[in-house]
Amino acid sequence: MTRFGNVSASRASGILAATLLGVLICIPVAACYRGPAHATSDQSGDMALYERIQTRMRSGEGYYDAAHAELVAGKYGTRSVFNWRTPLYPWLLSRGRSLAWAQRILALSGGMTIVLAALFVRRTSSFRMTMITAILLSLGLVPCFLPSVLLFSELAAGTLIVI
């Protein structure tokens, strides 16, 4: 039984109607939205931006100076908080000679997560459910094994949350 099991049919219909009304109100608002202009850097894309920031940080520049210079050079906006990251993750990545060590740690973390989850599910469920869990979790953690996405702090944060 779900937490909505005790809700009467008339109340459930009212909740559904209110939700649909909210969605219908939001559709015209979303249709009228015009987002900001996209960055027009020669080396476009967030990955190229993060790589350039890492290069600057490896040569001794601070995160905020490097990020500001690259955001401006790439014609990214600098006023939005969504274009800035906290400096800890890029700083940690810039401490090594290459990103290989960080990639190994992230891949090991992803692999450990899959194994630990499979062991937990195996204790409480069938072998079939264990395999389904491991496969689905593996699909979600594939980026941990791809070096091209290592610079995205969201990947590391998501992996740590899963662990």
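Residues numbered from 1 in each chain as written. Predicted model: local features only at pLDDT ≥ 70, side-chain atom pairs only at ≥ 80, totals over all residues. Heavy atoms only, no water.

1. A look at the packing of helix 5 (residues 100–124) against helix 6 (residues 127–141)
Alright, step 1. One way to put it is that helix 5 packs onto helix 6 with a least axis distance of 9 Å and a crossing angle of 160 degrees. The orientation of helix 5 with respect to helix 6, classified from their angle, is roughly antiparallel. Regarding helix 5 and helix 6, the two cross each other, and that crossing is right-handed. Two secondary-structure elements touch here, helix 5 through Gly110, Thr113, Ile114, Ala117, Ala118, Val121 and Arg122 and helix 6 through Phe127, Met129, Thr130, Thr133, Ala134, Leu137, Ser138 and Leu141.
Alright, step 2. For the contact of helix 5 with helix 6, the per-class residue count stands at nine nonpolar, five polar and one charged. (Axes fitted to C-alpha atoms, helices over the stretch in contact; angles between N-to-C directions. Helix = DSSP H or I, 4+ residues; strand = E, 2+ residues; numbered from the N terminus. Parallel < 35°, antiparallel > 145°, perpendicular 65-115°, else oblique. Left-handed = near helix turned anticlockwise from the far one by under 90°. Contact = heavy atoms within 4.5 Å. Nonpolar A, V, L, I, M, F, W, Y, C, P; charged D, E, K, R; others polar.)

2. Overview of the pattern of salt bridges
Alright, step 1. Taken as a whole and judged by the stated rule, the model has four salt bridges.
Alright, step 2. Of the charged contacts in the structure, one is a salt bridge between Arg52 and Glu70, with a shortest N-O distance of 2.7 Å. With Arg52 in helix 2 (residues 46–58) and Glu70 in helix 3 (residues 63–73), this residue pair connects regions lying 18 residues apart in the sequence. With respect to class, Arg52 is no different from Glu70; both count as buried.
Alright, step 3. The salt bridge involving Glu61 is made with Arg56; its shortest N-O contact spans 3.0 Å.
Alright, step 4. Residue classification places Arg56 among the partly exposed positions, given a relative accessible area of 27%.
Alright, step 5. One salt-bridge network, held together by shared partners, links Arg52, Arg56, Glu61 and Glu70. (Salt bridge = Lys/Arg side-chain N within 4 Å of Asp/Glu carboxyl O. Buried < 20%, exposed > 50% of the residue type's maximum accessible area, 1.4 Å probe, protein only.)

3. Quick word on the packing of aromatic side chains
Alright, step 1. Counting across every chain of the model gives three aromatic pairs.
Alright, step 2. Ring geometry for Tyr50 and Phe152: centres 5.2 Å apart, planes at 85 degrees, overall edge-to-face. Taken as a pair, Tyr50 in helix 2 and Phe152 in the loop between helix 6 and helix 7 (153–162) lie far apart in primary sequence, 102 residues in all.
Alright, step 3. Residue Phe152 is classed as partly exposed on the basis of its relative accessible area, which comes to 23%.
Alright, step 4. Aromatic ring contacts, followed pair by pair, group Tyr63, Tyr64 and Trp84 into a single cluster. (Phe/Tyr/Trp six-rings, centres within 6.5 Å; stacked < 30°, edge-to-face > 60°.)

4. A word on unusual backbone geometry
Alright, step 1. If you check the backbone angles, Lys75 has positive phi at about 60 degrees while not being a glycine.
Alright, step 2. Owing to a relative accessible area of 57%, Lys75 belongs among the exposed residues under this scheme.

5. Some words on the environment of Tyr64
Alright, step 1. Along the polypeptide, Tyr64 turns up in helix 3.
Alright, step 2. Judged by relative accessible area, Tyr64 falls into the partly exposed class, the value being 48%.
Alright, step 3. For the pair formed by Tyr64 and Ile53, sequence separation is 11 residues and the distance between their alpha carbons is 9.4 Å.
Alright, step 4. Not counting the four nearest positions on each side in its chain, Tyr64 is found in contact with Trp84, Arg85 and Pro87.

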